[in-house]
Each structure stands twice: as C-alpha cells, then as structure tokens.
Amino acid sequence: MRAFFRAALFFGLLSGGALFAQAETFREVQLGDGISLEIPAHWHELPTEVRKNLQAFSQAVMDQAGVKETKTRKETRLAVNATPEPTGAMIRVSVSTPPGFRPKDLAKITPGELQEMRKEVDQNLKKSASAGGFTIGQVDPLQIERIDGEQALVIAYTRSSLVDASTWKVRQYKIPRPKFLLEVTLSYRERDGALWIPILEKVKRSLRL
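Since this is a predicted model, take the numbers as computed values, not measurements.

Draft legend 1. Spatial organisation of the pairing of strand S5 (residues 89–97). Judged by how many residues are buried, S5 sits mostly within the fold: 8 of 9 residues are covered. Pairing geometry for strand S4 (residues 73–81) and S5, over 8 bridges, is antiparallel. Counted as the bridge partner of Arg73 is Thr97 from S5. As judged from the 8 bridges shared by S5 and strand S10 (residues 181–189), these two strands associate in the antiparallel manner.

Draft legend 2. Layout of the nonpolar core. Core analysis: the biggest nonpolar cluster contains 28 residues, and Leu37, Trp43, Leu78, Ile91, Val93, Leu182 and Leu207 have the highest contact counts within it. For this core, the elements supplying multiple residues, two or more each, are strand S1 (26–30), strand S2 (36–40), S4, S5, strand S8 (150–160), strand S9 (167–176), S10 and helix H6 (193–206). Once you skip the residues sitting within four places of it in the chain, Leu78 turns out to touch Val29, Leu31, Leu37, Ile39, Glu45, Arg51, Ile91, Arg92 and Val93. Ranked by size, the runner-up nonpolar core spans 14 residues in total, among them Leu106, Leu125, Ile136 and Leu153.

Draft legend 3. Quick look at the confidence of the model for the chain. Scored by pLDDT, the chain has a mean of 85; 85% of the residues are at 70 or more. The element-level mean pLDDT for the chain is lowest in helix H1 (residues 2–15), coming to 45, with S2 highest at 97. Overall, residues 1–11 carries pLDDT values under 50, and its contacts beyond four positions in sequence, including any with other chains, amount to 2 contacts.

Draft legend 4. Examining the pattern of salt bridges more closely. For the coordinates displayed, the defined rule picks out 14 salt bridges. The salt bridge partner of Lys119 is Glu116, with a shortest N-O separation of 3.4 Å. With Lys119 and Glu116 both in helix H5 (residues 111–132), this residue pair falls 3 residues apart, about one helical turn. Looking at Lys119, the relative accessible area reads 44%, which means it is partly exposed. A relative accessible area of 49% places Glu116 in the partly exposed class. For Glu150, the salt bridge identified is with Arg177, shortest N-O distance 3.5 Å. A residue pair is termed long-range when its members are at least 10 positions apart, and Glu150 in strand S8 and Arg177 in the loop between S9 and S10 qualify at 27 residues. Overall, the relative accessible area of 15% leaves Arg177 in the buried class. Linked by salt bridges that have partners in common, Asp33, Glu75 and Arg77 make up one network.

Draft legend 5. How the structure looks around the packing of aromatic side chains. Under the defined criterion, the tally for this structure stands at 1 aromatic pair. Taken together, a centroid distance of 5.8 Å and an interplanar angle of 75° make the contact between Trp43 and Trp196 edge-to-face. Taken as a pair, Trp43 in the loop between S2 and strand S3 (44–45) and Trp196 in helix H6 lie far apart in primary sequence, 153 residues in all. Classification of Trp43 as buried rests on a relative accessible area of 5%. Exposure remark for Trp196: the relative accessible area of 9% places this residue in the buried category. Positioned over the ring face of Phe26 is Lys202, at 4.9 Å from the centre of the ring.

What counts as what
- Residues numbered from 1 in each chain as written.
- Predicted model: local features only at pLDDT ≥ 70, side-chain atom pairs only at ≥ 80, totals over all residues.
- Heavy atoms only, no water.
- Buried < 20%, exposed > 50% of the residue type's maximum accessible area, 1.4 Å probe, protein only.
- Helix = DSSP H or I, 4+ residues; strand = E, 2+ residues; numbered from the N terminus.
- Pairing = 2+ DSSP bridges.
- Core = buried A, V, L, I, M, F, W, Y, C linked by side-chain atoms within 4.5 Å.
- Contact = heavy atoms within 4.5 Å.
- pLDDT = per-residue confidence, 0-100.
- Salt bridge = Lys/Arg side-chain N within 4 Å of Asp/Glu carboxyl O.
- Phe/Tyr/Trp six-rings, centres within 6.5 Å; stacked < 30°, edge-to-face > 60°.
- Lys NZ or Arg CZ within 6 Å of the ring centre and 35° of its normal.

Written out as structure tokens, the structure reads:
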C-alpha cells in the first residue's frame with residue numbers, strides 16, 4: 001500500500017495533480033489510409049492553406065538547390081506546432097505516391113548502403129538549406145527502426161532555425177507502404193529537448209498504420 005501512495009505522489013507531481021492526464025492532454029487524429037496518431041490536444045494544428053504553403057516552400061527550395069526528385073505527388077496531411085509561440089516543437093506527416101521503395105528493400109539494405117545513402121542525404125540537405133536560408137549541422141548515421149511492426153528508414157540531423165539563432169533536432173521516419181510512402185517528421189528546439197523529447201516519443205509510439 002505504501003508503494004502505491006509513493007507512486008501516486010510521483011505521478012501527481014509530474015502531471016500537476018492529475019494522475020491520468022494522458023486522457024485529456026492527447027487526442028487521436030485520423031489521416032486516411034488507415035494512418036492515425038496521437039498529438040497533444042493543446043498544440044496548434046495548421047490549416048490546409050498553411051500546409052500547402054509549407055509544401056510549396058519545400059518544393060521551391062529543392063528546385064533552387066537543384067536537388068533532383070523522382071516524379072512523385074506529395075501531400076502534407078498533418079502539420080502541428082507546439083504552443084505557446086514561438087513554437088519549440090513540430091509534427092509533420094506527409095504521403096508521397098508512388099512510394100519509391102518497398103518494405104522488402106529496407107529489409108535487405110546493408111550497412112554499407114546506409115552509409116552511402118547518408119552521404120547523399122547530407123549533400124542534398126546542405127544544398128536545400130543553402131537555398132532556403134538556413135544551415136545543416138550534424139547528419140547522424142541512417143538507421144532502420146520498427147514502428148507499429150513496419151520498418152522505417154530514420155534520417156536524423158540538426159539544422160539552424162529560420163527565425164532565431166537556435167538549433168533544431170530533426171528526425172524523419174520514412175515508412176514505405178504498398179501504394180505510398182509515409183513520412184513522419186518530428187523536430188524540436190535542441191536546448192529544450194528535455195521537455196520535447198518525451199512528448200514526441202509518445203507521438204511516435206502512437207502511430208498506427
């Protein structure tokens with residue numbers, strides 16, 4: 001019994017007195033094609049027009065940088081910013097068709113191939129950053145991770161902010177599906193990582209395919 005009360009006190013301190021705050025602070029969003037995930041209920045979900053502007057900015061930057069893309073159709077289905085402003089974390093979810101690569105391609109990829117892909121990713125990111133007015137720092141080794149039972153290619157790097165002198169950490173998960181490529185990008189202001197990392201990890205774990 002004493003152990004129960006100690007646990008209740010600990011979680012009560014974390015949640016400001018609400019033991020089961022998860023039920024109130026996160027909400028599930030359905031994104032079509034069987035995709036869903038949970039996001040903080042108080043974060044700001046950007047409207048369609050803003051999502052289209054972000055998508056247009058990304059395309060314009062890549063065109064200016066001369067980064068060649070395969071002929072795909074990309075749709076941003078979710079864009080969420082942490083509150084309050086200025087935002088310190090972001091969630092982006094997009095779908096590209098056709099997928100470009102298949103789940104079995106990830107299953108067969110070798111460490112050497114991942115290393116070569118990292119070099120290409122590093123080059124393309126830095127070209128795009130130069131065109132977009134920001135800089136890319138460290139590009140981590142590419143990894144393969146399982147999310148909801150499916151394999152995902154994980155690309156992680158740091159970049160400068162577009163609005164101030166802060167550094168952001170970005171993790172993008174590319175998950176090939178039979179008819180499309182799902183991309184989930186989670187990013188946060190690095191100096192405040194202790195706050196944002198647990199929240200974004202919960203968002204990632206909630207992803208259902």
